Amino acid sequence: MALTQQREAGLEAARKYVDQVYETVQQRNPGESEFHQAVKEILDSLVPVFAKHSKYQEHGILERIVEPERMITFRVPWVDDQGKVQVNRGFRVQFNSAIGPYKGGLRFHPSVNASIIKFLGFEQIFKNSLTGQPIGGGKGGSDFDPKGKSDLEVMRFTQSFMTELSKYIGPDTDVPAGDIGVGAREIGYMFGQYKRLYGNETGVLTGKGLNYGGSLTRTEATGYGLVYFTNEMLASRGDSFVGKTVVVSGSGNVSIYAIEKAQQLGAKVVACSDSNGYVYDKNGINLATVKRLKEVERKRIKEYVNEHPTAEYVEGCQNIWSIPCDIALPCATQNEINEASAKLLVANGVKYVAEGANMPSTLEAIEVYLNNGVYFGPAKAANAGGVAVSALEMAQNSARLAWSFEEVDAKLKDIMRNIYRSSVNAAREYGYDDNLVVGSNIAGFLKVADAMIAHGVV
Ligand code: NDP
(Lines give C-alpha, C1' and ligand atoms only; values in the text may rest on other atoms or scores of the structure.)
Protein backbone atom coordinates (compact mmCIF):
# COMPACT_ATOMS: atom_id res chain seq x y z
CA MET A 1 0.00 0.00 0.00
CA ALA A 2 1.23 3.51 -0.79
CA LEU A 3 2.06 5.67 2.22
CA THR A 4 -0.94 7.99 1.81
CA GLN A 5 -3.30 5.02 1.47
CA GLN A 6 -1.85 3.55 4.63
CA ARG A 7 -2.36 6.85 6.42
CA GLU A 8 -5.97 7.09 5.21
CA ALA A 9 -6.67 3.52 6.36
CA GLY A 10 -5.16 4.31 9.78
CA LEU A 11 -7.33 7.40 10.12
CA GLU A 12 -10.44 5.50 9.11
CA ALA A 13 -9.82 2.77 11.69
CA ALA A 14 -9.16 5.40 14.37
CA ARG A 15 -12.34 7.26 13.41
CA LYS A 16 -14.35 4.05 13.75
CA TYR A 17 -12.90 3.37 17.19
CA VAL A 18 -13.52 6.92 18.40
CA ASP A 19 -17.11 6.82 17.11
CA GLN A 20 -17.73 3.58 19.02
CA VAL A 21 -16.51 5.12 22.25
CA TYR A 22 -18.69 8.17 21.62
CA GLU A 23 -21.76 5.96 21.06
CA THR A 24 -21.16 4.24 24.38
CA VAL A 25 -20.91 7.65 26.07
CA GLN A 26 -24.30 8.62 24.61
CA GLN A 27 -25.89 5.35 25.72
CA ARG A 28 -24.43 5.45 29.22
CA ASN A 29 -25.31 9.10 29.83
CA PRO A 30 -28.77 9.50 28.29
CA GLY A 31 -30.14 13.02 27.87
CA GLU A 32 -26.86 14.72 28.87
CA SER A 33 -26.51 16.83 25.75
CA GLU A 34 -23.86 19.27 27.05
CA PHE A 35 -21.66 16.37 28.18
CA HIS A 36 -22.09 14.63 24.81
CA GLN A 37 -21.13 17.88 23.01
CA ALA A 38 -17.94 18.33 25.03
CA VAL A 39 -16.92 14.69 24.55
CA LYS A 40 -17.59 14.83 20.81
CA GLU A 41 -15.48 17.95 20.32
CA ILE A 42 -12.50 16.37 22.04
CA LEU A 43 -12.82 12.86 20.64
CA ASP A 44 -13.07 14.11 17.05
CA SER A 45 -9.77 15.98 17.48
CA LEU A 46 -8.01 12.89 18.81
CA VAL A 47 -8.52 10.73 15.70
CA PRO A 48 -5.02 11.53 14.32
CA VAL A 49 -3.45 10.60 17.68
CA PHE A 50 -5.11 7.16 17.67
CA ALA A 51 -4.13 6.66 14.06
CA LYS A 52 -0.48 7.39 14.88
CA HIS A 53 -0.04 5.65 18.28
CA SER A 54 -1.71 2.31 18.98
CA LYS A 55 -0.70 2.34 22.67
CA TYR A 56 -3.54 4.64 23.71
CA GLN A 57 -6.15 2.27 22.33
CA GLU A 58 -4.34 -0.78 23.75
CA HIS A 59 -4.42 0.77 27.23
CA GLY A 60 -8.12 1.69 26.96
CA ILE A 61 -7.36 5.35 27.65
CA LEU A 62 -10.41 6.71 25.86
CA GLU A 63 -12.85 4.31 27.52
CA ARG A 64 -11.42 5.30 30.92
CA ILE A 65 -11.05 9.03 30.38
CA VAL A 66 -14.74 9.59 29.47
CA GLU A 67 -15.88 7.96 32.73
CA PRO A 68 -15.58 10.15 35.87
CA GLU A 69 -13.52 8.61 38.66
CA ARG A 70 -16.32 9.71 41.00
CA MET A 71 -19.57 11.70 40.80
CA ILE A 72 -21.02 12.95 44.08
CA THR A 73 -24.61 14.22 44.33
CA PHE A 74 -26.08 15.50 47.56
CA ARG A 75 -29.02 17.25 49.21
CA VAL A 76 -28.53 20.88 50.30
CA PRO A 77 -31.26 21.90 52.75
CA TRP A 78 -31.39 25.50 54.05
CA VAL A 79 -33.87 28.00 55.51
CA ASP A 80 -34.81 31.19 53.63
CA ASP A 81 -35.53 34.63 55.14
CA GLN A 82 -39.22 33.76 55.50
CA GLY A 83 -38.34 30.73 57.63
CA LYS A 84 -39.28 28.31 54.85
CA VAL A 85 -37.21 25.18 54.21
CA GLN A 86 -35.59 25.10 50.76
CA VAL A 87 -33.83 22.15 49.14
CA ASN A 88 -31.22 22.36 46.38
CA ARG A 89 -29.04 19.73 44.80
CA GLY A 90 -25.24 19.77 45.10
CA PHE A 91 -22.73 18.12 42.73
CA ARG A 92 -19.02 17.40 42.57
CA VAL A 93 -17.47 15.45 39.74
CA GLN A 94 -13.94 14.18 40.40
CA PHE A 95 -13.19 13.39 36.79
CA ASN A 96 -9.52 12.58 36.46
CA SER A 97 -6.60 12.72 38.91
CA ALA A 98 -3.86 11.27 36.70
CA ILE A 99 -1.64 14.36 36.86
CA GLY A 100 -2.65 15.86 40.23
CA PRO A 101 -5.45 16.62 42.69
CA TYR A 102 -8.86 17.40 41.19
CA LYS A 103 -9.16 21.10 40.47
CA GLY A 104 -12.09 23.06 39.06
CA GLY A 105 -14.71 25.61 40.01
CA LEU A 106 -18.15 25.52 41.60
CA ARG A 107 -21.12 26.94 39.67
CA PHE A 108 -24.30 28.17 41.36
CA HIS A 109 -26.99 28.65 38.70
CA PRO A 110 -30.54 27.29 38.28
CA SER A 111 -29.52 25.48 35.07
CA VAL A 112 -26.91 23.31 36.85
CA ASN A 113 -27.45 19.56 36.46
CA ALA A 114 -25.33 16.42 36.04
CA SER A 115 -24.79 17.05 32.31
CA ILE A 116 -23.44 20.58 32.81
CA ILE A 117 -21.18 19.55 35.69
CA LYS A 118 -19.80 16.63 33.67
CA PHE A 119 -19.16 18.71 30.54
CA LEU A 120 -17.31 21.27 32.64
CA GLY A 121 -15.36 18.59 34.53
CA PHE A 122 -14.40 16.78 31.35
CA GLU A 123 -13.11 19.98 29.70
CA GLN A 124 -11.23 20.80 32.87
CA ILE A 125 -9.03 17.67 32.55
CA PHE A 126 -7.48 18.91 29.30
CA LYS A 127 -7.42 22.58 30.26
CA ASN A 128 -5.58 21.86 33.50
CA SER A 129 -3.10 19.67 31.66
CA LEU A 130 -2.43 22.48 29.17
CA THR A 131 -1.46 24.89 31.95
CA GLY A 132 1.63 22.75 32.63
CA GLN A 133 0.67 22.56 36.33
CA PRO A 134 0.17 19.29 38.24
CA ILE A 135 -3.63 19.48 38.55
CA GLY A 136 -6.36 16.99 37.64
CA GLY A 137 -9.90 17.73 36.43
CA GLY A 138 -12.97 18.32 38.59
CA LYS A 139 -16.01 20.59 38.76
CA GLY A 140 -19.05 21.10 40.95
CA GLY A 141 -21.91 23.32 41.93
CA SER A 142 -25.60 23.54 42.61
CA ASP A 143 -28.91 24.56 41.03
CA PHE A 144 -29.12 27.30 43.71
CA ASP A 145 -29.62 30.80 42.25
CA PRO A 146 -27.78 33.49 44.26
CA LYS A 147 -29.53 36.21 42.25
CA GLY A 148 -32.10 38.07 44.36
CA LYS A 149 -31.09 36.27 47.57
CA SER A 150 -30.04 38.18 50.69
CA ASP A 151 -26.48 37.84 52.02
CA LEU A 152 -27.83 35.79 54.93
CA GLU A 153 -29.64 33.39 52.59
CA VAL A 154 -26.46 32.96 50.52
CA MET A 155 -24.54 32.30 53.74
CA ARG A 156 -27.00 29.70 55.03
CA PHE A 157 -27.04 27.93 51.67
CA THR A 158 -23.25 27.90 51.23
CA GLN A 159 -22.72 26.66 54.80
CA SER A 160 -25.07 23.75 54.16
CA PHE A 161 -23.44 23.07 50.76
CA MET A 162 -19.92 23.06 52.25
CA THR A 163 -20.91 20.88 55.23
CA GLU A 164 -21.54 18.02 52.80
CA LEU A 165 -18.91 18.88 50.16
CA SER A 166 -16.18 19.12 52.83
CA LYS A 167 -16.25 15.33 53.26
CA TYR A 168 -14.83 14.86 49.77
CA ILE A 169 -12.29 17.68 49.31
CA GLY A 170 -8.91 18.68 50.77
CA PRO A 171 -5.73 20.60 49.85
CA ASP A 172 -4.07 17.48 48.40
CA THR A 173 -7.15 15.72 46.99
CA ASP A 174 -9.65 18.16 45.50
CA VAL A 175 -9.48 21.96 45.49
CA PRO A 176 -12.61 23.82 44.28
CA ALA A 177 -12.77 27.49 43.20
CA GLY A 178 -15.39 29.90 41.79
CA ASP A 179 -17.36 29.91 38.52
CA ILE A 180 -20.72 31.41 37.49
CA GLY A 181 -22.53 32.65 40.60
CA VAL A 182 -19.58 31.89 42.89
CA GLY A 183 -17.43 34.93 43.58
CA ALA A 184 -15.58 36.42 46.56
CA ARG A 185 -18.66 36.42 48.83
CA GLU A 186 -19.52 32.74 48.25
CA ILE A 187 -15.89 31.58 48.51
CA GLY A 188 -15.55 33.52 51.79
CA TYR A 189 -18.60 31.84 53.35
CA MET A 190 -17.52 28.39 52.12
CA PHE A 191 -14.00 28.82 53.44
CA GLY A 192 -15.40 29.98 56.80
CA GLN A 193 -17.56 26.87 57.09
CA TYR A 194 -14.71 24.53 56.08
CA LYS A 195 -12.46 26.18 58.68
CA ARG A 196 -15.13 25.75 61.36
CA LEU A 197 -15.30 22.02 60.58
CA TYR A 198 -11.65 21.11 59.95
CA GLY A 199 -9.41 24.02 61.03
CA ASN A 200 -7.43 26.42 58.91
CA GLU A 201 -6.55 24.33 55.84
CA THR A 202 -5.73 27.34 53.65
CA GLY A 203 -5.21 25.32 50.49
CA VAL A 204 -8.68 23.75 50.35
CA LEU A 205 -10.20 26.46 48.12
CA THR A 206 -8.76 28.97 45.67
CA GLY A 207 -10.08 32.40 44.76
CA LYS A 208 -9.87 33.30 48.46
CA GLY A 209 -9.72 36.89 49.77
CA LEU A 210 -6.23 38.40 49.95
CA ASN A 211 -6.34 38.67 53.75
CA TYR A 212 -6.89 34.93 54.25
CA GLY A 213 -4.63 33.17 51.74
CA GLY A 214 -5.77 34.41 48.33
CA SER A 215 -3.40 35.24 45.51
CA LEU A 216 -2.97 38.60 43.86
CA THR A 217 -4.12 38.48 40.20
CA ARG A 218 -6.57 35.56 40.78
CA THR A 219 -9.60 37.87 40.33
CA GLU A 220 -8.21 39.18 37.05
CA ALA A 221 -6.63 35.92 35.86
CA THR A 222 -9.23 34.41 33.51
CA GLY A 223 -10.05 37.69 31.74
CA TYR A 224 -6.42 38.86 31.56
CA GLY A 225 -5.28 35.39 30.48
CA LEU A 226 -7.87 35.35 27.71
CA VAL A 227 -6.55 38.63 26.36
CA TYR A 228 -2.91 37.50 26.67
CA PHE A 229 -3.81 34.37 24.69
CA THR A 230 -5.69 36.39 22.05
CA ASN A 231 -2.71 38.72 21.85
CA GLU A 232 -0.52 35.72 20.92
CA MET A 233 -3.02 34.84 18.18
CA LEU A 234 -2.92 38.43 16.90
CA ALA A 235 0.88 38.64 17.08
CA SER A 236 1.25 35.45 15.01
CA ARG A 237 -0.42 37.38 12.18
CA GLY A 238 1.56 40.58 12.73
CA ASP A 239 -1.49 42.15 14.36
CA SER A 240 -2.34 43.66 17.78
CA PHE A 241 -5.27 44.91 19.90
CA VAL A 242 -4.47 48.54 19.06
CA GLY A 243 -7.48 50.20 17.40
CA LYS A 244 -9.51 46.96 17.23
CA THR A 245 -13.26 46.91 17.89
CA VAL A 246 -14.13 44.22 20.42
CA VAL A 247 -17.43 42.72 21.61
CA VAL A 248 -17.42 40.94 25.00
CA SER A 249 -20.49 39.08 26.25
CA GLY A 250 -21.34 38.87 29.94
CA SER A 251 -20.42 41.38 32.64
CA GLY A 252 -19.19 39.03 35.34
CA ASN A 253 -15.72 38.17 36.56
CA VAL A 254 -14.27 36.95 33.25
CA SER A 255 -15.86 39.69 31.12
CA ILE A 256 -14.86 42.60 33.35
CA TYR A 257 -11.17 41.71 33.37
CA ALA A 258 -11.13 40.81 29.69
CA ILE A 259 -12.53 44.29 28.97
CA GLU A 260 -9.96 45.87 31.29
CA LYS A 261 -6.95 44.20 29.66
CA ALA A 262 -8.24 44.66 26.09
CA GLN A 263 -8.68 48.38 26.79
CA GLN A 264 -5.20 48.58 28.33
CA LEU A 265 -3.80 47.06 25.13
CA GLY A 266 -5.48 49.73 23.00
CA ALA A 267 -8.76 48.12 21.89
CA LYS A 268 -12.19 49.72 21.90
CA VAL A 269 -14.72 47.43 23.61
CA VAL A 270 -18.16 48.49 22.38
CA ALA A 271 -20.55 46.02 24.04
CA CYS A 272 -21.16 43.75 27.04
CA SER A 273 -24.22 42.00 28.48
CA ASP A 274 -25.92 40.10 31.27
CA SER A 275 -28.56 37.39 31.07
CA ASN A 276 -31.31 39.98 30.37
CA GLY A 277 -29.74 41.99 27.54
CA TYR A 278 -26.76 43.93 26.27
CA VAL A 279 -25.44 47.49 26.09
CA TYR A 280 -23.85 48.94 22.99
CA ASP A 281 -21.70 52.01 23.55
CA LYS A 282 -20.10 53.20 20.34
CA ASN A 283 -17.79 55.47 22.34
CA GLY A 284 -16.36 52.46 24.15
CA ILE A 285 -17.71 50.81 27.31
CA ASN A 286 -16.97 52.75 30.50
CA LEU A 287 -15.54 49.98 32.67
CA ALA A 288 -15.71 51.91 35.96
CA THR A 289 -19.50 52.07 35.57
CA VAL A 290 -19.78 48.34 34.76
CA LYS A 291 -17.56 47.40 37.73
CA ARG A 292 -19.58 49.48 40.16
CA LEU A 293 -22.94 48.23 38.85
CA LYS A 294 -21.97 44.55 38.81
CA GLU A 295 -19.30 44.09 41.46
CA VAL A 296 -20.50 46.53 44.13
CA GLU A 297 -24.21 47.23 43.60
CA ARG A 298 -25.15 43.84 42.02
CA LYS A 299 -27.46 45.63 39.58
CA ARG A 300 -28.57 44.81 36.00
CA ILE A 301 -26.50 45.96 33.01
CA LYS A 302 -29.44 47.99 31.64
CA GLU A 303 -28.75 50.59 34.36
CA TYR A 304 -25.59 51.50 32.40
CA VAL A 305 -27.56 53.68 29.96
CA ASN A 306 -28.88 55.85 32.81
CA GLU A 307 -25.31 57.13 33.24
CA HIS A 308 -24.28 56.98 29.57
CA PRO A 309 -27.27 58.21 27.56
CA THR A 310 -25.49 57.84 24.22
CA ALA A 311 -25.30 54.07 24.81
CA GLU A 312 -28.15 51.74 23.80
CA TYR A 313 -29.67 48.90 25.83
CA VAL A 314 -31.20 45.97 23.94
CA GLU A 315 -33.33 43.36 25.73
CA GLY A 316 -32.20 39.75 25.04
CA CYS A 317 -28.60 38.55 24.59
CA GLN A 318 -28.42 36.82 21.22
CA ASN A 319 -28.22 39.96 19.08
CA ILE A 320 -25.01 41.11 20.72
CA TRP A 321 -23.29 39.06 17.98
CA SER A 322 -24.89 41.26 15.29
CA ILE A 323 -22.61 44.14 16.34
CA PRO A 324 -19.73 44.45 13.84
CA CYS A 325 -16.36 43.77 15.45
CA ASP A 326 -12.81 42.61 14.70
CA ILE A 327 -12.57 40.43 17.80
CA ALA A 328 -15.37 38.57 19.62
CA LEU A 329 -14.78 37.39 23.19
CA PRO A 330 -17.75 35.32 24.43
CA CYS A 331 -17.45 35.36 28.25
CA ALA A 332 -20.96 34.54 29.57
CA THR A 333 -22.02 30.91 29.28
CA GLN A 334 -22.19 27.70 27.21
CA ASN A 335 -23.72 27.65 23.71
CA GLU A 336 -24.25 31.42 23.54
CA ILE A 337 -23.01 31.53 19.91
CA ASN A 338 -24.96 29.27 17.57
CA GLU A 339 -24.47 28.75 13.85
CA ALA A 340 -26.61 31.77 12.88
CA SER A 341 -24.73 34.10 15.26
CA ALA A 342 -21.38 32.80 14.00
CA LYS A 343 -22.46 33.49 10.40
CA LEU A 344 -23.49 37.00 11.40
CA LEU A 345 -20.10 37.61 13.02
CA VAL A 346 -18.36 36.39 9.85
CA ALA A 347 -20.58 38.49 7.58
CA ASN A 348 -19.69 41.54 9.67
CA GLY A 349 -15.96 40.91 9.30
CA VAL A 350 -14.86 39.28 12.56
CA LYS A 351 -11.23 38.10 12.34
CA TYR A 352 -10.66 36.51 15.75
CA VAL A 353 -12.92 34.68 18.21
CA ALA A 354 -11.47 33.60 21.55
CA GLU A 355 -13.56 31.96 24.28
CA GLY A 356 -13.57 33.25 27.86
CA ALA A 357 -16.63 31.22 28.84
CA ASN A 358 -16.64 27.41 28.76
CA MET A 359 -18.00 26.00 25.47
CA PRO A 360 -19.76 29.24 24.42
CA SER A 361 -19.72 28.22 20.73
CA THR A 362 -21.82 25.31 19.48
CA LEU A 363 -20.06 22.68 17.31
CA GLU A 364 -21.80 24.22 14.26
CA ALA A 365 -20.55 27.71 15.15
CA ILE A 366 -16.98 26.38 15.39
CA GLU A 367 -17.34 24.89 11.90
CA VAL A 368 -18.38 28.33 10.62
CA TYR A 369 -15.26 29.97 12.10
CA LEU A 370 -12.92 27.30 10.76
CA ASN A 371 -14.46 27.33 7.28
CA ASN A 372 -14.26 31.11 6.99
CA GLY A 373 -10.69 31.83 8.02
CA VAL A 374 -11.61 33.20 11.45
CA TYR A 375 -8.71 32.50 13.82
CA PHE A 376 -10.37 30.67 16.71
CA GLY A 377 -9.10 30.28 20.29
CA PRO A 378 -11.09 27.52 22.07
CA ALA A 379 -12.01 27.83 25.74
CA LYS A 380 -9.81 25.13 27.18
CA ALA A 381 -6.74 26.96 25.93
CA ALA A 382 -7.92 30.59 25.97
CA ASN A 383 -9.56 30.68 29.40
CA ALA A 384 -7.04 28.49 31.26
CA GLY A 385 -5.52 31.53 33.00
CA GLY A 386 -7.98 31.31 35.90
CA VAL A 387 -7.15 27.78 36.88
CA ALA A 388 -3.45 28.38 36.21
CA VAL A 389 -3.38 31.18 38.79
CA SER A 390 -5.45 29.00 41.12
CA ALA A 391 -2.60 26.49 40.95
CA LEU A 392 -0.19 29.34 41.74
CA GLU A 393 -2.41 30.19 44.73
CA MET A 394 -2.05 26.56 45.90
CA ALA A 395 1.73 26.80 45.51
CA GLN A 396 1.85 30.02 47.57
CA ASN A 397 -0.39 28.46 50.26
CA SER A 398 1.86 25.39 50.53
CA ALA A 399 4.98 27.53 50.78
CA ARG A 400 3.30 30.06 53.15
CA LEU A 401 4.31 32.82 50.76
CA ALA A 402 2.55 35.66 48.93
CA TRP A 403 3.91 36.80 45.59
CA SER A 404 3.45 40.33 44.21
CA PHE A 405 0.87 41.22 41.56
CA GLU A 406 3.65 41.74 39.00
CA GLU A 407 5.19 38.36 39.79
CA VAL A 408 1.93 36.43 39.35
CA ASP A 409 0.93 38.47 36.29
CA ALA A 410 4.28 37.70 34.63
CA LYS A 411 3.83 33.97 35.35
CA LEU A 412 0.28 34.13 33.93
CA LYS A 413 1.55 35.78 30.74
CA ASP A 414 4.20 33.08 30.40
CA ILE A 415 1.70 30.28 30.96
CA MET A 416 -0.70 31.67 28.33
CA ARG A 417 2.16 31.99 25.84
CA ASN A 418 3.19 28.38 26.52
CA ILE A 419 -0.39 27.13 26.10
CA TYR A 420 -0.60 28.95 22.78
CA ARG A 421 2.72 27.56 21.59
CA SER A 422 2.04 23.98 22.64
CA SER A 423 -1.37 24.10 20.93
CA VAL A 424 0.15 25.48 17.73
CA ASN A 425 2.94 22.89 17.80
CA ALA A 426 0.62 19.94 18.39
CA ALA A 427 -1.68 21.10 15.58
CA ARG A 428 1.29 21.39 13.24
CA GLU A 429 2.74 18.01 14.22
CA TYR A 430 -0.52 16.26 13.36
CA GLY A 431 -1.07 18.18 10.11
CA TYR A 432 -3.74 20.68 11.24
CA ASP A 433 -1.90 23.99 10.95
CA ASP A 434 -3.66 26.92 12.63
CA ASN A 435 -6.37 24.71 14.11
CA LEU A 436 -6.17 25.47 17.82
CA VAL A 437 -9.13 23.18 18.60
CA VAL A 438 -7.21 20.13 17.41
CA GLY A 439 -3.91 21.44 18.80
CA SER A 440 -5.13 22.20 22.33
CA ASN A 441 -7.10 18.96 22.60
CA ILE A 442 -4.13 16.86 21.52
CA ALA A 443 -1.60 18.70 23.68
CA GLY A 444 -3.87 18.48 26.73
CA PHE A 445 -4.70 14.82 26.11
CA LEU A 446 -1.18 13.42 25.62
CA LYS A 447 0.13 14.41 29.03
CA VAL A 448 -2.86 12.90 30.86
CA ALA A 449 -2.90 9.77 28.69
CA ASP A 450 0.81 9.09 29.25
CA ALA A 451 0.36 9.50 33.02
CA MET A 452 -2.58 7.05 32.92
CA ILE A 453 -0.44 4.50 31.09
CA ALA A 454 2.33 4.93 33.68
CA HIS A 455 -0.15 4.25 36.51
CA GLY A 456 -1.48 0.99 35.03
CA VAL A 457 -5.18 0.17 34.81
CA VAL A 458 -6.64 2.12 37.76
P1 NDP B 1 -20.06 35.38 36.65
O2 NDP B 1 -21.18 34.78 37.40
O3 NDP B 1 -19.14 36.32 37.32
O4 NDP B 1 -20.61 36.11 35.33
C5 NDP B 1 -21.37 35.46 34.37
C6 NDP B 1 -21.86 36.49 33.37
O7 NDP B 1 -22.51 35.83 32.29
C8 NDP B 1 -22.90 37.43 33.99
O9 NDP B 1 -22.84 38.65 33.34
C10 NDP B 1 -24.20 36.68 33.67
O11 NDP B 1 -25.33 37.51 33.67
C12 NDP B 1 -23.89 36.17 32.29
N13 NDP B 1 -24.70 34.98 32.01
C14 NDP B 1 -24.79 33.86 32.78
N15 NDP B 1 -25.65 33.00 32.23
C16 NDP B 1 -26.09 33.58 31.11
C17 NDP B 1 -26.99 33.18 30.09
N18 NDP B 1 -27.63 32.01 30.15
N19 NDP B 1 -27.20 34.04 29.06
C20 NDP B 1 -26.55 35.22 29.00
N21 NDP B 1 -25.69 35.64 29.94
C22 NDP B 1 -25.47 34.84 30.96
O23 NDP B 1 -19.26 34.13 36.03
P24 NDP B 1 -17.77 34.09 35.43
O25 NDP B 1 -17.45 35.38 34.78
O26 NDP B 1 -16.90 33.56 36.50
O27 NDP B 1 -17.91 32.93 34.34
C28 NDP B 1 -18.31 33.19 33.00
C29 NDP B 1 -17.91 32.03 32.12
O30 NDP B 1 -16.48 31.85 32.18
C31 NDP B 1 -18.50 30.66 32.48
O32 NDP B 1 -18.68 29.89 31.31
C33 NDP B 1 -17.39 30.03 33.32
O34 NDP B 1 -17.48 28.61 33.34
C35 NDP B 1 -16.17 30.51 32.56
N36 NDP B 1 -14.93 30.49 33.31
C37 NDP B 1 -14.78 31.17 34.48
C38 NDP B 1 -13.59 31.16 35.15
C39 NDP B 1 -13.35 31.99 36.36
O40 NDP B 1 -12.19 32.06 36.80
N41 NDP B 1 -14.33 32.66 36.92
C42 NDP B 1 -12.46 30.33 34.68
C43 NDP B 1 -12.67 29.71 33.38
C44 NDP B 1 -13.88 29.78 32.76
P45 NDP B 1 -26.31 37.55 34.98
O46 NDP B 1 -25.57 38.36 35.99
O47 NDP B 1 -27.56 38.19 34.48
O48 NDP B 1 -26.51 36.13 35.40
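Within an unreviewed UniProt entry, the label attached to the protein reads Glutamate dehydrogenase, and the organism entered is Paenibacillus barengoltzii J12. Quoted verbatim from the Sequence similarities (unreviewed entry) heading of the UniProt record, the comment on the protein is "Belongs to the Glu/Leu/Phe/Val dehydrogenases family." Its UniProt record gives the protein a comment under Subunit (unreviewed entry), which states: "Homohexamer."

### Some remarks on the overall build of the protein
The helix and strand inventory of the protein stands at 17 helices and 12 strands. Counting only C-alpha atoms, the protein reaches 75 × 50 × 45 Å along its principal axes. Here the protein holds 458 residues, and the buried ones make up 55% of them. Taking the contacts inside the protein whose residues are at least 6 apart along the sequence as the reference set, 72% of them involve residues at least 24 apart. Accessible area for the protein stands at about 18400 Å²; split by element, carbon and sulfur atoms hold 49% of it. Here the protein contributes 49 positive and 52 negative side-chain charges, whose respective centroids are spaced 3 Å apart.

### Here we look at the site of the ligand
Near the ligand there are 25 residues, and of these Asp 179, Thr 222, Ser 275, Arg 300 and Asn 358 occur at the shortest range. Ser 251 is positioned such that a nitrogen or oxygen atom in its backbone is 2.8 Å from an oxygen atom of the ligand. About the coverage of the ligand: the protein hides 84% of its 890 Å² of free accessible area. Among the residues forming the shell around the ligand, the class breakdown is 6 nonpolar, 13 polar and 6 charged.

### Notes on the sheet that holds strand β5 (residues 174-177)
In spatial order, the strands read β1-β2-β4-β3-β5; together these 5 strands make up an open sheet with mixed pairing. Both edges of this open sheet fall to β1 (70-79) and β5, since each of them pairs with a single strand only. Between one strand axis and the next, the sheet turns through 20° on average, direction left out of account. Sheet strands in contact with helix α6 (residues 151-165) are β1, β2 (85-96), β3 (102-108), β4 (136-142) and β5, and its direction is about 145° off that of β1.

### Focus on unusual backbone geometry
Even without being a glycine, Asn 335 presents a positive backbone phi close to 55°. When you line up the elements, Asn 335 lands in the loop between β10 (327-329) and α12 (339-347). We classify Asn 335 as partly exposed; its relative accessible area is 29%. For Arg 400, which is not a glycine, the phi torsion comes out positive at approximately 55°. With respect to the helices and strands, the residue Arg 400 is situated in the loop between α15 (385-399) and α16 (405-429).

### As for the side chain of Lys 261
Among the structural elements, Lys 261 can be located in helix α9 (residues 253-264). There is no salt bridge for the buried Lys 261, and the closest opposite charge comes from Asp 409, which lies 4.7 Å off by N-O distance. When sequence neighbours within four positions are dropped, the list of residues in contact with Lys 261 reads Tyr 224, Val 227 and Tyr 228.

### Describing helix α17 (residues 436-455)
For α17, with 20 residues, the first-to-last C-alpha span of 29 Å sits near the 28 Å given by 1.5 Å per residue. Counting buried residues along α17, 14 of its 20 residues qualify, which places the element largely inside the surrounding structure.

### Quick notes on the environment of Asn 29
Position of Asn 29 among the secondary structure elements: in the loop between α1 (3-28) and α2 (33-52). A relative accessible area of 8% places Asn 29 in the buried class. Each C-alpha atom, one on Asn 29 and one on Gly 377, is 28 Å from the other, the two residues being 348 residues apart in sequence. Excluding residues that lie within four positions of it along the chain, Asn 29 makes contacts with Phe 35, His 36 and Lys 118.

### Let's talk about the pattern of salt bridges
Side chains that differ in charge, positive against negative, can pair when their charged atoms come close. Considering all chains together, one arrives at 29 salt bridges under this definition. Note that Asp 44 is salt-bridged to Lys 40, the shortest N-O span being 3.1 Å. Of this pair, Asp 44 and Lys 40 both sit in helix α2, 4 residues apart, roughly one helical turn. In this structure Asp 44 comes out as partly exposed when scored by relative accessible area, which is 27%. Its salt-bridge partner being Asp 414, residue Arg 417 comes within 3.6 Å of it at the nearest N-O pair.

### Here we look at the packing of aromatic side chains
Tallied over the entire structure, the rule returns 22 aromatic pairs. Geometrically, the ring pair formed by Phe 108 and Phe 161 is edge-to-face, given 5.2 Å between the ring centres and 80° between the ring planes. Taken together, the positions of Phe 108 in strand β3 and Phe 161 in helix α6 put the pair 53 residues apart, joining distant regions of the chain. Judged on exposure class, the residue Phe 108 and its partner Phe 161 are both buried.

### So, the pairing of β2
Relative to β2, β1 runs antiparallel, the two sharing 10 bridges. The residue bridging Trp 78 from the neighbouring strand is Gln 86, located in β2. Turn length for the β1-β2 hairpin, with the two strands adjacent in sequence and antiparallel, is 5 residues, and the turn residue Gly 83 shows positive phi of about 85°. Judged from the 6 bridges that link them, β2 and β4 form a sheet pairing that is antiparallel.

### Focus on the packing of α12 against helix α13 (residues 363-371)
One can describe the packing of α12 onto α13 by two numbers: an axis separation of 7 Å at closest approach and a directional angle of 20°. In terms of axis orientation, α12 runs roughly parallel to α13. The handedness of the crossing between α12 and α13 is right-handed. Across from Glu 339, Ala 342, Lys 343 and Val 346 in α12, the residues of α13 making contact are Glu 364, Ala 365, Val 368 and Tyr 369.

### Looking at the sheet that holds strand β6 (residues 245-248)
Spatial strand order, β9-β8-β7-β6-β10-β11-β12: 7 strands in an open sheet with mixed pairing. Across the chains shown, the open sheet's two edge strands, defined by having one partner strand only, are β9 (312-315) and β12 (375-377). The average angle at which neighbouring strand axes cross in this sheet is 15°, direction not considered. Pairing of strand β11 (residues 352-354) with β12 involves 3 bridges; the strand directions are parallel.

Cut-off values and rules
- Residues numbered from 1 in each chain as written.
- Predicted model: local features only at pLDDT ≥ 70, side-chain atom pairs only at ≥ 80, totals over all residues.
- Heavy atoms only, no water.
- UniProt positions renumbered as here; feature names shortened; annotations may be inferred.
- Helix = DSSP H or I, 4+ residues; strand = E, 2+ residues; numbered from the N terminus.
- Buried < 20%, exposed > 50% of the residue type's maximum accessible area, 1.4 Å probe, protein only.
- Contact = heavy atoms within 4.5 Å.
- Areas by Shrake-Rupley, 256 points an atom, 1.4 Å probe, with all protein chains shown as cover.
- Lys, Arg positive; Asp, Glu negative; His and termini not counted.
- Charge placed at Lys NZ, Arg CZ, Asp CG, Glu CD.
- Near = heavy atom within 4 Å.
- Polar contact = N/O pair within 3.5 Å; in protein donor to acceptor, adjacent residues only side chain to side chain.
- Nonpolar A, V, L, I, M, F, W, Y, C, P; charged D, E, K, R; others polar.
- Pairing = 2+ DSSP bridges.
- Axes fitted to C-alpha atoms, helices over the stretch in contact; angles between N-to-C directions.
- Salt bridge = Lys/Arg side-chain N within 4 Å of Asp/Glu carboxyl O.
- Expected span 1.5 Å × (residues − 1).
- Phe/Tyr/Trp six-rings, centres within 6.5 Å; stacked < 30°, edge-to-face > 60°.
- Parallel < 35°, antiparallel > 145°, perpendicular 65-115°, else oblique.
- Left-handed = near helix turned anticlockwise from the far one by under 90°.

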